[in-house]
Amino acid sequence: MKFYEKTPEERRAQLIREGSLTQADARLFAAKSSLPAATEAKLIENSIGEFSLPLGIARNLLVNGQLHQVPLANEEPSVVAAASNGARIAAENGGVVARVDPHQVVAEVVLTDLADVKAAKQTILAHQAEIKAVVAAAHPSMIQRGGGLVGVTVSVLANRFLKIRLTLDPKEAMGANYANTVAEAVAAVVKTWLNGTILVSILTNAPAELVTATVQLDPTTLATKTVPGDVIAKKIVQLSELAFVDPERAVTHNKGILNGVIGAVLATGNDTRAIAASVGAFAAASGQYQPLSRWVMHAGKLEGTLQMPLPLGAVGGAIGALPVAQAARRLGGYRDLATMQQVIAALGLVQNLAALRALAGPGIQAGHMKLQANALAIAAGADERELPALVAALREGQMNLAHAKTYLANIRSNQKVGQSKNENRD
Ligand SMILES: CC(C)(COP(=O)([O-])OP(=O)([O-])OC[C@H]1O[C@@H](n2cnc3c(N)ncnc32)[C@H](O)[C@@H]1OP(=O)([O-])[O-])[C@@H](O)C(=O)NCCC(=O)NCCSC(=O)C[C@@](C)(O)CC(=O)[O-]
Ligand SMILES: NC(=O)C1=CN([C@@H]2O[C@H](COP(=O)(O)OP(=O)(O)OC[C@H]3O[C@@H](n4cnc5c(N)ncnc54)[C@H](O)[C@@H]3O)[C@@H](O)[C@H]2O)C=CC1
């Protein structure tokens, strides 16, 4: 029997026999969460178990007048606290306003080896009605939902590739499989009209629609314990300006935005790779890598605007196979795809706000390392009872793993001394 034909338990047993997995690690992978057995065994290939992450809540994110409790799956301390912090400041100022372009997905069918590429282009343009019929027949239920083909364009690339670009409306789905199905159906028919070779029939992950989120902040609401709000606002504007001229800073600026976005996307069971690919393309579209958000002073207020592609689906893909993704969707208050996109873009904006405010104020380490202490203490081996003492020791002392282990050893030996004193007293 092949590896991929076995059950997850059999696969773990094989990896143990082969010497690449220990019994203890196998038990970790086998530990159960809410994943149904069939999903664990069959959603992806060669599955040997589960990989769990904490699910945090960015509290009270006010978007278009509605409060959202936004779930995000994340491993990095301070990300969720920062998102809640940004959401708190935004809510004090009336919240985030967000909008999204009409949802679209684009597929390309590219031909090569054509005797006359320009004549081939005219042939395709003359067959647009047939292409529309092929798209409809490839997925009739999408037409019944009001989706389907939005438009066809044809272009010649490098004098030899004929590119047929199909813009599709996949309604509430992300539309990747839909686009691929349609592209292959169109390619099969185009092949009968032209004597060239079909090179590729696939969706593009290049940005299709954009989501825009905006917030306007009274500078006084940005004050930290030591820095006044107007100073913070001025520095946030300067940090934004710096990101437009320094691509190295822009990448980090955008990482701060993706801190919230990727976690929220993951929690909904959506494809995080599609987000990473399209955001990278969008940020670099001008030829210089740019920040996704811009902060300016406008009529006495600090105004932040974030624009980014968010190719998500509210149905389809893995969403239906992951009960926690559906629960996260309900918890987030994502009543439809547009709401999900708007809330997640708003999350990116307030996440960015919190990071820039920290950079403009006490620096990132003050808040981040305070919370990072938990991760260090856990990594050092502290159990739940030992955590508070070790976290306190780390915050007062040196914040690294070597010191965490030393402090933990001290805590344990002090406990032993305490215990033996108590025993002697008994
Ligand atoms: C970390 C904070 C929030 C502390 O912030 P603070 O002002 O020291 O803490 P606070 O006690 O005054 O709390 C303020 C609010 O933060 C939230 N908050 C506070 N503590 C918690 C907690 N334990 N759990 C959940 N939420 C928490 C909560 O909303 C709270 O309001 P409250 O509810 O109390 O009225 C702040 O320093 C901050 O926002 N820092 C930014 C941290 C950050 O961005 N971390 C990401 C990792 S760094 C990175 O990856 C990218 C970056 C930053 O380099 C990007 C870039 O350079 O642009
Ligand atoms: N390059 C990429 O990004 C690629 C991504 N993928 C994967 O494709 C998946 C997403 O593909 P989709 O086509 O979105 O999902 P899908 O393949 O599950 O199709 C969506 C399904 O939902 C049905 N549906 C029910 N109600 C609907 C509604 N209201 N609106 C729209 N459809 C409705 C559709 O009929 C369709 O059968 C993701 O899991 C992604 O990881 C697949 C190939 C390539």
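You'll find the structure just up there.
Source: prediction; values computed, not measured.

Analysis parameters
- Residues numbered from 1 in each chain as written.
- Chains lettered and ligands numbered in written order.
- Predicted model: local features only at pLDDT ≥ 70, side-chain atom pairs only at ≥ 80, totals over all residues.
- Heavy atoms only, no water.
- Pairing = 2+ DSSP bridges.
- Helix = DSSP H or I, 4+ residues; strand = E, 2+ residues; numbered from the N terminus.
- Axes fitted to C-alpha atoms, helices over the stretch in contact; angles between N-to-C directions.
- Near = heavy atom within 4 Å.
- Polar contact = N/O pair within 3.5 Å; in protein donor to acceptor, adjacent residues only side chain to side chain.
- Areas by Shrake-Rupley, 256 points an atom, 1.4 Å probe, with all protein chains shown as cover.
- Nonpolar A, V, L, I, M, F, W, Y, C, P; charged D, E, K, R; others polar.

**Notes on the sheet that holds strand β8 (residues 210-217)**
The sheet built from 4 strands is open, its strands ordered β3-β8-β10-β9 with antiparallel pairing. Two strands in the sheet have a free side with no partner beyond their single neighbour: β3 (97-100) and β9 (293-298). Pairwise comparison of adjacent strand axes, ignoring direction, gives a mean angle of 15° for this sheet. As defined by bridge partners, β8 adjoins strand β10 (residues 301-309) across 8 bridges and the pair is classed as antiparallel. Opposite V215, over in β10, you have G304 as the bridge partner.

**Some thoughts on the site of ligand 1**
Every one of the 23 residues lining ligand 1 counts as a neighbour, but S78, N85, R249, K255 and N259 are closest to it. In the model, a nitrogen atom of ligand 1 is placed 2.8 Å from a nitrogen or oxygen of the S78 side chain. With respect to ligand 1, the side chain of K255 contributes an N or O atom lying 2.8 Å from an oxygen atom. Relative to its free-state accessible area of 1100 Å², ligand 1 is covered by the protein chains to the extent of 66%. Of all the elements in the fold, those that place two or more residues in the shell around ligand 1 are α4 (79-92), α10 (247-267), α13 (337-360) and α14 (364-379). A breakdown of the residues in the shell around ligand 1 according to their chemical character gives 8 nonpolar, 9 polar and 6 charged.

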